[in-house]
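# Commentary on secondary and tertiary structure
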Amino acid sequence: MKPMNKPYQLQYKKKTASSDAYIPRGASQVSVCERCHAVYRNKRWYADEKMYDGTVKSPGISKILCPACLKIRDNFPGGIVTLKGSYVESHRQELLNLIRNEEDRARGFNPLERIISVRENGFGALIVSTTNEKLAQRLGRAIKKAFHGEVNYKWSHDNKLVRVDCEKAA
Ligand SMILES: [Zn+2]
């Protein structure tokens, strides 16, 4: 039998794989992320450079890419934040700083909360994609607090993607 002759259903399943595909296999094993240096132990991820240094040299350690680095590599967002309105132009640097600060803060609790990209859409809006929905919600709350705009949240039907729209006129 040729290896190409896989049943259709298998391929279908693979294509619709959920974000669960990003949870590392062998969950009890201690692993480190080669890219961002997050450490996986006791079933959670830690962002701790000292822990990384202490762990990376231990024998038998798995060096992998963490779920956040995989999502960044694959551009597979869990949240999309759109900033619209004239305040984006007049407060661009402030907004970019706020986005970076929120990412740094979130990473302290959970290294899997990361920014994938910040881009402009050519019509004066900024579009921020994040690895998970929590960071997108944090950004929405922080922007509302700082700029008092209108913030709306929309979840996809499977709850795996949240769209956060932040709008303000001036
Ligand atoms: Zn990583």
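Look up: the structure comes first, before these words.
The sections below set out a description of the structure shown in this document. (Residues numbered from 1 in each chain as written. Predicted model: local features only at pLDDT ≥ 70, side-chain atom pairs only at ≥ 80, totals over all residues. Heavy atoms only, no water.)

## With respect to the pattern of salt bridges
Which entries qualify depends on this criterion: Any Lys or Arg side-chain nitrogen located within 4 Å of an Asp or Glu carboxyl oxygen qualifies as a salt bridge. Segments assigned H or I by DSSP are reported as helices when at least four residues long, segments assigned E as strands when at least two residues long, and all are numbered from the N terminus.
Scanning all chains against the criterion turns up 7 salt bridges. As a salt-bridge pair, Glu102 and Arg105 come within 3.3 Å of each other at their nearest N and O atoms. Highlighted residues: Glu102 and Arg105, both in helix α5 (residues 92–109), separated by 3 residues, approximately one helical turn. Put simply, Arg138 and Glu113 hold a salt bridge, and the shortest N to O gap is 2.9 Å. Taken together, the residues span a long stretch of sequence, with Arg138 in helix α6 (residues 133–147) and Glu113 in the loop between α5 and β6 (115–120) at a distance of 25 residues.

## Looking at α5
Where we set the bar: Multiplying 1.5 Å by the residue count of a helix minus one yields the expected span of that helix. The cut-offs for exposure are 20% and 50% of the maximum accessible area for each residue type, with area from a 1.4 Å probe on protein chains only; residues under the lower value are buried, those over the upper are exposed, and the others partly exposed. Along the arc lie the directions from the helix axis toward the C-beta atoms. Contact between two residues is taken to exist if any of their heavy atoms lie within 4.5 Å; hydrogens are not considered.
Taking 1.5 Å as the rise per residue, α5 with 18 residues should run 26 Å; its terminal C-alpha atoms sit 27 Å apart, in good agreement. All of the buried residues along α5 are Arg92, Leu95, Leu98, Ile99, Glu102, Glu103 and Ala106. Projected down its long axis, α5 carries its buried residues within an arc of 135°, all on one side. Along α5, exposed side chains directed more than 90 degrees from the buried face belong to Gln93, Asp104, Arg105 and Gly108. Buried residues along α5 sit against β5 (79–84), α4 (86–90), β6, β7 (126–130) and α6.

## Regarding the sheet that holds strand β3 (residues 44–46)
Each strand in a sheet pairs with another by means of backbone hydrogen bonds, the pair being arranged parallel or else antiparallel. Heads up, the rule is: In short, DSSP must find at least two bridges between two strands for them to pair. To obtain each axis, a line is fitted to C-alpha atoms, and for helices this fit is confined to the stretch in contact; angles are then taken between N-to-C directions over 0 to 180 degrees.
Spatial strand order, β3-β2-β1-β4: 4 strands in an open sheet with mixed pairing. Unpaired on one side and paired on the other, β3 and β4 (62–64) mark the two borders of the sheet. Each strand axis lies, on average, 30° off the axis of its neighbour in the sheet, ignoring direction. Pairing of strand β1 (residues 31–33) with strand β2 (residues 39–41) involves 2 bridges; the strand directions are antiparallel. Pairing of Ser31 across the sheet is with Tyr40, part of β2. Taken strand by strand, helix α2 (residues 49–56) contacts β1, β2, β3 and β4, and its axis lies near 70° from that of β2.

## Quick look at the packing of aromatic side chains
Test applied: Two aromatic rings, drawn from Phe, Tyr or Trp (for Trp, its six-membered ring), form a pair once their centres lie within 6.5 Å of each other, and the interplanar angle then sorts them: stacked below 30 degrees, edge-to-face above 60, tilted otherwise.
Per the stated rule, a full pass over the model turns up 3 aromatic pairs. Centre to centre, the rings of Tyr87 and Phe147 are 5.4 Å apart; their planes meet at 55°, and the pair counts as tilted. With Tyr87 in helix α4 and Phe147 in helix α6, this residue pair connects regions lying 60 residues apart in the sequence. Across the pair, Phe147 and Tyr87 agree in class, each one buried. For the ring pair Tyr153 and Trp155, a centre distance of 6.2 Å and an interplane angle of 25° mean the geometry is stacked.

## Remarks on the sheet that holds β6
If you trace the 5 strands from one edge of the open sheet to the other, you get β6-β7-β5-β9-β8, paired in mixed fashion. Looking along the sheet, the strands with just one partner apiece sit at the ends: β6 and β8 (150–155). When the angles between neighbouring strand axes are averaged without regard to direction, this sheet yields 15°. Where β5 and β7 come together, 5 bridges link them in antiparallel fashion. From the neighbouring strand, Thr82 faces β7, where its bridge partner is Ile127. The strands that α5 touches are β5, β6 and β7; relative to β6, the one it contacts most, it runs at about 170°.

## Details of the side chain of Ser31
Here Ser31 shows up in strand β1. Not counting the four nearest positions on each side in its chain, Ser31 is found in contact with Ala38, Val39, Tyr40, Ser62 and Ile64.

## Regarding the coordination of the zinc ion
Applicable threshold: Coordination partners: N, O, S within 2.8 Å of the metal, 3.2 Å for Na, K and Ca; water not considered, so apparent gaps in a site are possible. Geometry is assigned from donor-metal-donor angles: four donors are tetrahedral when every angle falls between 85 and 135 degrees, four are square planar and six octahedral when opposite donors sit over 155 degrees apart with all other angles between 65 and 115, and any other arrangement is irregular.
Taken together, the protein ligands of the zinc ion are Cys33 (SG), Cys36 (SG), Cys66 (SG) and Cys69 (SG), with distances of 2.2 to 2.3 Å. In this structure, the zinc ion is coordinated by 4 donor atoms arranged in tetrahedral fashion, with angles at the metal of 105 to 116°. Taken in chain order, the donor set of the zinc ion reads C-x2-C-x29-C-x2-C. Residue Cys36 is found in the loop between β1 and β2, and its partner Cys66 is found in the loop between β4 and α3 (67–74); the two are separated by 30 residues along the sequence. Owing to a relative accessible area of 16%, Cys36 belongs among the buried residues under this scheme.

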